[in-house]
Each structure stands twice: as C-alpha cells, then as structure tokens.
Amino acid sequence: TVFIGGVNGGIWKTTNITASPATWTFVNDFFSNMAITGICQNPAAPATMYFCTGEWPFNLDAVAGDGIFKSTNGGVTWVQLASTTGTNFDFCSKILCDASGNVYVSTRSGVYRSTDGGTSWTTITPSGLSTSRFSDMEISSTGRLHVSAGQFSTCAYRYTDAPSTVAAGTWTSATSGYPASTIRIELGCNGSTLYALP
C-alpha cells in the first residue's frame, strides 16, 4: 500500500503498487486543507501516520496550509492537530518520524519536534543561521537528522545525532564540501551517506 499527497490535491492511496497501472483512489477529499506537502509513518507504530500542509517554495501561486493532520488507523481517518493551527505550520516542507516515533517538521519558520504524538511541539531550529527558511530534512540509517536551510537566500546545513533531545544551539555544521546555493538544497540519504542537490 502506498500513499501520495498533492498540493491542493489531498491524499491518494493504492493497495497494489505493483499493478500496471496502479489504481489510485481518494483517501479523503474533504480535509479542511488539501495542500499536502509531506507524509510520514511512525516506524514504531505503523498505523500512526502524519501529513503536513502548505506549499513552501515561495512560488506566486503557492497554496497555504493549515498545520498537521494525524491518523491512528493506517490512514482511514485523519484529525487535524490543534497544536499546529498557528502560522508556524502554514508552510511545511517536510515531516519525518524517527525510529522511536518522535515527529519532526521543517517549515518556512523553522524546525519543530514533538515527542508526544503531536500534542505539543518544541522549536529546535538550529541557531546561528542567517535564515530560518528550511527546505528539506532527512534521517539517516544511523538516526542522524540532517536539515537544509535557505530558500532564495544563502543556504546552510546542520545535523544532529540526538534529534530527540537536540536544542537550538547544539546542532553541528559541515566542516567542508557542502554545496553553495542561493535557491535551495534538497537532501537525500542512502544508508549513512548524505546527498545534497542544489
């Protein structure tokens, strides 16, 4: 079973991704916000899923979001998390769960963590950056959390090996080799190897 989301398109699902072609059906087209920009599943409890909303890259036709939604029954029904209805969660670029089920979201406003299933959020935005416009985020096979900052501004990179407890001032920056860009940088992980695409 595979879920996909589309900006202003909601959540779609196929129960047989190997079919050619796969058959896609709406999960729900009555969400209070349809601008799906990221989906994740809790590895520790696979029936728990999240999606974040809000088109973040500053395009002129960007669709604003309205926080994060959660499912505890494998995507059958979804509930908007009241803790995310503020403006900090209107433009989300990525949402992730770590192996323990902690949730991380990157936005135009910064990086946030929830250790209680989305009931509350802590700001963990790395300090010392010239921008808080976060475009991407990845967790490697070792549990290292990587974040990419900068959208139409000088891009930067930080990582932490303790994402569940990291504070703003305890992130680590790359010593060399991270590419330069003033647009944005997308990240990808293959095992413990990180790729950065300006």
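Coordinates for the structure precede this section.
The structure displayed is predicted, hence computed values, not measured ones.

A. Representation of a nonpolar patch on the surface in the model. Residues I4, I17 and W24 make up a contiguous nonpolar surface patch of roughly 250 Å² in combined accessible area. Using a relative accessible area of 36% as the deciding quantity, one classes I4 as partly exposed.

B. Structural detail: the sheet that holds strand β10 (residues 111-114). Here we have four strands laid out as an open sheet, ordered β8-β9-β10-β11, and antiparallel in their pairing. One side of each edge strand has no neighbouring strand; the edge strands of this open sheet are β8 (92-97) and β11 (122-123). Sheet topology note: the β10/β11 ladder contains two bridges and is antiparallel. Bridge pairing in β11 places R113 opposite T122.

C. Seen up close, unusual backbone geometry. Omega for the bond connecting S20 with P21 falls within 30 degrees of zero, at 5°, which places this linkage in the cis form. Inspection of the secondary structure assignment puts P21 in the loop between β2 (10-14) and β3 (25-28). Positive phi is not limited to glycine here, since F152 has a value of about 55°. Residue placement: F152 occurs in the loop between β13 (145-149) and β14 (156-160).

D. How the structure looks around the environment of Y157. Assignment of secondary structure puts Y157 in strand β14. Once the C-alpha coordinates of Y157 and T172 are considered, the two residues, 15 residues apart in sequence, prove to be 8.6 Å apart. Setting aside residues no more than four positions away along its own chain, Y157 makes contact with H146, V147, T172, S173, A174, Y178 and L194. Side-chain polar atoms of Y157 contact the side chain of H146, separated by 2.7 Å.

E. Looking closely at the pattern of salt bridges. Scanning the entire structure with this criterion turns up four salt bridges. Put simply, R184 and E186 hold a salt bridge, and the shortest N to O gap is 2.9 Å. Residue R184 is classed as partly exposed on the basis of its relative accessible area, which comes to 30%. Exposure remark for E186: the relative accessible area of 26% places this residue in the partly exposed category. One network of salt bridges, with partners in common, ties together K94, D136 and E138.

Cut-offs and rules
- Residues numbered from 1 in each chain as written.
- Predicted model: local features only at pLDDT ≥ 70, side-chain atom pairs only at ≥ 80, totals over all residues.
- Heavy atoms only, no water.
- Patch = residues over 30% accessible without salt bridge, like charges linked within 9 Å, V, L, I, M, F, W, Y side chains within 5 Å.
- Areas by Shrake-Rupley, 256 points an atom, 1.4 Å probe, with all protein chains shown as cover.
- Salt bridge = Lys/Arg side-chain N within 4 Å of Asp/Glu carboxyl O.
- Buried < 20%, exposed > 50% of the residue type's maximum accessible area, 1.4 Å probe, protein only.
- Pairing = 2+ DSSP bridges.
- Helix = DSSP H or I, 4+ residues; strand = E, 2+ residues; numbered from the N terminus.
- Contact = heavy atoms within 4.5 Å.
- Polar contact = N/O pair within 3.5 Å; in protein donor to acceptor, adjacent residues only side chain to side chain.

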